[in-house]
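Each chain, letter by letter, is given below.
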Amino acid sequence: MRAQGRDSGGAEAWAHGIIGMVQTAGEWWLERRTMSRDALTNYLSALIWGGIAGVAGLDSPTATADILRLVPEPQVHEGSVQDR
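Residues numbered from 1 in each chain as written. Predicted model: local features only at pLDDT ≥ 70, side-chain atom pairs only at ≥ 80, totals over all residues. Heavy atoms only, no water.

Side note on the packing of helix α1 (residues 11-32) against helix α2 (residues 37-55)
Item 1. With their axes 11 Å apart at the nearest point, α1 and α2 run at an angle of 165° to one another. Considered as vectors, α1 and α2 are oriented roughly antiparallel to each other. Considering the relative orientation of α1 and α2, their crossing is right-handed. Side by side, α1 and α2 meet where Trp14, Ile18, Met21, Val22, Ala25, Trp28 and Trp29 of the first sit next to Arg37, Leu40, Leu44, Leu47, Ile48 and Val55 of the second.
Item 2. A per-class count over the contact of α1 with α2 returns twelve nonpolar, no polar and one charged. (Axes fitted to C-alpha atoms, helices over the stretch in contact; angles between N-to-C directions. Helix = DSSP H or I, 4+ residues; strand = E, 2+ residues; numbered from the N terminus. Parallel < 35°, antiparallel > 145°, perpendicular 65-115°, else oblique. Left-handed = near helix turned anticlockwise from the far one by under 90°. Contact = heavy atoms within 4.5 Å. Nonpolar A, V, L, I, M, F, W, Y, C, P; charged D, E, K, R; others polar.)

Brief notes about the layout of surface pockets
Item 1. Considering only enclosed or pocket space, the largest pocket measures out at about 240 Å³ in volume.
Item 2. If you go around the largest pocket, the residues you meet are Met1, Ala11, Trp14, Ala15, Ile18, Met21, Leu47, Ile48, Gly51, Ile52, Val55 and Ala56.
Item 3. If you list the elements that add at least two residues to the lining of the largest pocket, you get α1 and α2.
Item 4. Looking at the lining of the largest pocket residue by residue, the class counts come to eleven nonpolar, one polar and no charged. (1 Å grid on protein atoms, 1.4 Å probe; cavity = no way out; pocket = protein on both sides within 12 Å on 5 of 7 lines; lining within 4 Å. Points joined across faces, edges and corners; volume = space filled by probe spheres on them.)

Considerations on the confidence of the model for the chain
Item 1. Across the chain, the average pLDDT comes to 78, with 69% of residues at 70 or higher.
Item 2. Ranking the helices and strands of the chain by mean pLDDT puts α1 first, with 95, and helix α3 (residues 61-68) last, with 48.
Item 3. Taken as a whole, residues 61-65 scores under 50 in pLDDT and shows three contacts with residues more than four places along the chain or in a different chain. (pLDDT = per-residue confidence, 0-100.)

This is the structure in structure tokens:
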């Protein structure tokens, strides 16, 4: 971020915030499992990438769409024990 002339002052706080969000969402999912593991992973990834894109100045519609394409659509596996 510094190399691109952007403010990196929040980087450490952002890193801790992302870790806390993922940890808390994982704990919630373990208790409720209202969606598949893949779906939870994709939702969190989209949120994180969207935030990174905004902070990095990539918040134009095209740039955001390109980043979010990295997140695959959740696949539904009927009867899978590990995702329930």
